[in-house]
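Examination of the molecular architecture
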Amino acid sequence: GREAPSDSNPDYRLFDGTRGLYSVLADCKAGSGIGTTLASSVSVKGNLYDGVTTAKGSIKTEGGQILIVKGQKITDMRLAKSANGYLVQPGARIEDILGVERVYAPSWMDNAAVDAILLVDRAYKHGGERNIRVRADFDTATNTDILLDETPRWGTLAVAKSAVAITLTEASE
């Protein structure tokens, strides 16, 4: 799901969709082109359960679903209370409640522009060469021969309607 890095010297070749990895989030945010066929996005008023339930309606690909989510959203769901106590019973599996195979809350998701990404398992395909390709080059700055090691790799969503980005907004009281 990651986007291209925003530091001062990012290597955008890994994220441009032609020479490397193509972000699931980029497909989810796409306004035109192939990304709109592969993924979509939803904005939902409510909590994580509402968002995942709504997003499931946009998934058209068969297979197990995984949820990549901001850790705070899981915490909010576990701490939600009603007059009778916690809505999520202590010890309950979030995966079972949300109806997904796995839930991941990686640290990089904390800075993401969306709250969660629902993705069909194995819809993101990896490819490229397994072996290192070595080629000779000449460095004019140091007047020396150098060997460059390259391993062309790529990754992208490969199945139509297989991912949804979820943005949660506060429910009006």
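Look a little higher up for the structure.
Procedures and definitions
- Residues numbered from 1 in each chain as written.
- Predicted model: local features only at pLDDT ≥ 70, side-chain atom pairs only at ≥ 80, totals over all residues.
- Heavy atoms only, no water.
- Salt bridge = Lys/Arg side-chain N within 4 Å of Asp/Glu carboxyl O.
- Helix = DSSP H or I, 4+ residues; strand = E, 2+ residues; numbered from the N terminus.
- Buried < 20%, exposed > 50% of the residue type's maximum accessible area, 1.4 Å probe, protein only.
- Pairing = 2+ DSSP bridges.
- Axes fitted to C-alpha atoms, helices over the stretch in contact; angles between N-to-C directions.
- Contact = heavy atoms within 4.5 Å.

In this structure the tally under the stated criterion is four salt bridges. For Lys70, the salt bridge identified is with Asp115, shortest N-O distance 3.7 Å. In this pair, Lys70 is assigned in the loop between β2 (65-69) and α4 (71-79) and Asp115 in the loop between β5 (102-104) and β6 (116-120), connecting sequence segments 45 residues apart. Just as Lys70 is buried, Asp115 falls in that class too.

Spatial strand order, β1-β11-β6-β2-β5: five strands in an open sheet with mixed pairing. Only two strands of the sheet have a single neighbouring strand rather than two, namely β1 (39-45) and β5. Along the sheet, successive strands turn relative to each other by an average axial angle of 20°, direction set aside. Relative to strand β11 (residues 163-169), β1 is paired through seven bridges, and the arrangement is parallel. Residue pairing for β11: Val42 is matched across the bridge by Ile166. On the sheet, helix α3 (residues 48-56) packs against β1, β2, β6 and β11 and is oriented at approximately 145° with respect to β11.

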